[in-house]
Amino acid sequence: MQVTDDTVTQQHLDAVHTGMRTTAQLWVSGLITDRELADHFAKLSFNFQKLDQVGQLQGLLDPATGLKY
């Protein structure tokens, strides 16, 4: 299988979604604070906005839904 920029970007997006789930699970378990949860998701939101502005999310699949961005 040839690795392309799209493949690497999709793998990165999948890893981000995994990190989001893990962070939420840590919060539900009481292992991180509300503030830590909010900070983590604020950083992710900012990064997603930057990627969207340069068109790097276009055509990628949302790992949670399977829908294209």
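The sections below set out a description of the structure shown in this document. Remember, predicted model here, so these are calculated numbers, not experimental data.

Describing the overall build of the protein chain
Summing up its helical and strand segments, the protein chain has two helices and zero strands in all. Overall size of the protein chain, expressed as C-alpha extent along the three principal axes, is 40 × 25 × 20 Å. Within the protein chain, the fraction of its 69 residues that count as buried is 19%. Restricting to contacts in the protein chain with at least 6 residues of sequence separation, those with at least 24 account for 42%. For the protein chain, the exposed area adds up to about 5,300 Å²; of that, 56% sits on carbon and sulfur atoms.

Notes on the side chain of Thr-23
Looking at the element boundaries, Thr-23 is found in helix H1 (residues 5–28). Among all residues touching Thr-23, those that are not within four sequence positions of it are Ile-32, Leu-37, His-40 and Phe-41.

What about the pattern of salt bridges?
Throughout the structure, instances matching the rule amount to one salt bridge. Across the salt bridge formed by Asp-39 and Arg-35, the nearest N and O atoms sit 3.3 Å from each other. Here Arg-35 and Asp-39 lie together in helix H2 (residues 34–53), a separation of four residues that amounts to about one turn. Accessibility expressed as a relative area gives 60% for Arg-35, which makes it exposed.

A look at the environment of Phe-48
If you trace the backbone, Phe-48 turns up in helix H2. Leaving out residues up to four positions away in the same chain, Phe-48 has contacts with Leu-13, Val-16, Leu-57 and Tyr-69.

Concerning H2
An ideal rise of 1.5 Å per residue puts 28 Å on 20 residues; H2 measures up with 29 Å between its terminal C-alpha atoms. All of the buried residues in H2 are Leu-37, Leu-44 and Phe-48. Each buried residue of H2 sits inside an arc of 40° when the element is viewed along its axis, so together they form one side. Exposed and facing more than 90 degrees away from the buried side of H2 are Arg-35, Lys-43 and Gln-53. Just past H2, the residue Gly-55 takes up positive phi, approximately 80°.

Cut-offs and rules
- Residues numbered from 1 in each chain as written.
- Predicted model: local features only at pLDDT ≥ 70, side-chain atom pairs only at ≥ 80, totals over all residues.
- Heavy atoms only, no water.
- Helix = DSSP H or I, 4+ residues; strand = E, 2+ residues; numbered from the N terminus.
- Buried < 20%, exposed > 50% of the residue type's maximum accessible area, 1.4 Å probe, protein only.
- Contact = heavy atoms within 4.5 Å.
- Areas by Shrake-Rupley, 256 points an atom, 1.4 Å probe, with all protein chains shown as cover.
- Salt bridge = Lys/Arg side-chain N within 4 Å of Asp/Glu carboxyl O.
- Expected span 1.5 Å × (residues − 1).
- Arc of directions from axis to C-beta.

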